[in-house]
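Here is how the chains run, residue by residue.
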Amino acid sequence: MELLNEDALNPVAKTAKSGMSTGGKILIAATGGVGIGLSIVCASFVAPAFRRICLPYVPATTEQIQNVLSFLPKSSTGKLLDIGSGDGRIVVAAAQHNRALRTDGVELNPWLVYYSRLAALRHGVSTQTRFFRRDLWKFEIKDYNFVVIFGVEQMMRDLEHKLIAECPHNTKIIACRFPLPSLEHVKIIEDGVNTVWFYDLSKS
């Protein structure tokens, strides 16, 4: 009597034993890769919340950018620093506003730094701008004639001390959203959340 192999009687069971298909493995690997990638990107935006002073990424509005530019010269040379430069829109706009002005940004989030560099390249000001991935508290600001700040209330006092201690005596400071607590502002554009304060260290 002919004996039949058990696997021959049950081909479905044989297929199940052979393991997962190649397509299934690729799908799981791709899903895992996307999940890890999203986690890495999101971590860069969430991490600031765990620092002593949280400086969240909040893009500048069109009105805020125009208010900042109104305090910048259109032709004179100099160097500008945007503290917490985010996606680089202030740095790029300032470079377009004054082609003789060197404009830099300092930002801790690496993805925003990469995006800013691409934005500068796209708008034709990449040779005029620089973006640094640094901790703003450790970044040297002694060479800047103009400093733009989009800060939070909790950091303004410490930042004011850093500005006074390190900046040249004639540096112009433009603060957005929150004023510096002790310095006397020279001018102000009152515009709700888009309010901008202008300071001149030579007059303080």
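Look up a bit, the structure's there.
Residues numbered from 1 in each chain as written. Predicted model: local features only at pLDDT ≥ 70, side-chain atom pairs only at ≥ 80, totals over all residues. Heavy atoms only, no water.

Q: Would you take a moment to explain the sheet that holds strand β3 (residues 129-133) for this structure?
A: The strands making up a sheet are joined through hydrogen bonds of the backbone, oriented either antiparallel or parallel. If you trace the 7 strands from one edge of the open sheet to the other, you get β3-β2-β1-β4-β5-β7-β6, paired in mixed fashion. Two strands bound the open sheet, and with one partner strand each, they are β3 and β6 (187-189). Shown here is a sheet whose adjacent strand axes are inclined to one another by a mean of 15 degrees, direction ignored. In this sheet, strand β4 (residues 146-150) lies alongside strand β1 (residues 78-83) in parallel orientation, the contact comprising 4 bridges. Along β4, the bridge assignment pairs D82 with V148. The sheet contacts of helix α4 (residues 62-69) involve β4, β5 (172-176), β6 and β7 (196-200), and relative to β4 the element is tilted by about 155 degrees. (Pairing = 2+ DSSP bridges. Helix = DSSP H or I, 4+ residues; strand = E, 2+ residues; numbered from the N terminus. Axes fitted to C-alpha atoms, helices over the stretch in contact; angles between N-to-C directions. Contact = heavy atoms within 4.5 Å.)

Q: Where do I start with the packing of aromatic side chains in this structure?
A: Applying the stated rule across the entire model yields 3 aromatic pairs. Ring geometry for F71 and F198: centres 4.8 Å apart, planes at 20 degrees, overall stacked. Taken together, the residues span a long stretch of sequence, with F71 in the loop between α4 and β1 and F198 in strand β7 at a distance of 127 residues. Using a relative accessible area of 13% as the deciding quantity, one classes F71 as buried. For K79, the ring lying beneath its charged end belongs to Y144, and the centroid distance is 4.9 Å. (Phe/Tyr/Trp six-rings, centres within 6.5 Å; stacked < 30°, edge-to-face > 60°. Buried < 20%, exposed > 50% of the residue type's maximum accessible area, 1.4 Å probe, protein only. Lys NZ or Arg CZ within 6 Å of the ring centre and 35° of its normal.)

Q: Please explain the side chain of D82 as it appears in this structure.
A: On the secondary structure map, D82 appears in strand β1. With no salt bridge to any partner, buried D82 finds its closest opposite charge in R177, at an N-O distance of 8.7 Å. Not counting the four nearest positions on each side in its chain, D82 is found in contact with I90, V91, D104, G105, V106, V148 and F150. (Lys, Arg positive; Asp, Glu negative; His and termini not counted. Salt bridge = Lys/Arg side-chain N within 4 Å of Asp/Glu carboxyl O.)

Q: What is the right way to look at the pairing of strand β2 (residues 101-107) in this model?
A: The buried fraction of β2 amounts to 6 of the 7 residues, a majority that puts the element mostly inside the structure. Note that β1 and β2 share 6 bridges and pair parallel. Considered in β2, the bridge of G78 is made with L101. The β-α-β motif built from β1, the intervening helix α5 (residues 89-97) and the parallel element β2 has right-handed crossover chirality. (Right-handed = clockwise from strand over helix to strand, strands pointing away.)

Q: Which parts of the structure should I look at to understand the nonpolar core?
A: Taken as a class, soluble globular proteins show a tendency for nonpolar side chains to be buried jointly. Formed by 23 residues in total, the largest nonpolar core has its most connected members in I149, L163 and L180. Looking at this core, the elements that each hand over two or more residues are β1, β4, α7 (156-166), β5 and β7. When residues in this core are grouped by element, the largest group, 3 residues, is from α7. Among residues more than four places away in sequence, those in contact with L180 are I149, M156, E160, L163, I173 and Y199. Counting residues in each nonpolar core, the second largest holds 18 residues, with F71, L80, A93 and L101 among its members. (Core = buried A, V, L, I, M, F, W, Y, C linked by side-chain atoms within 4.5 Å.)

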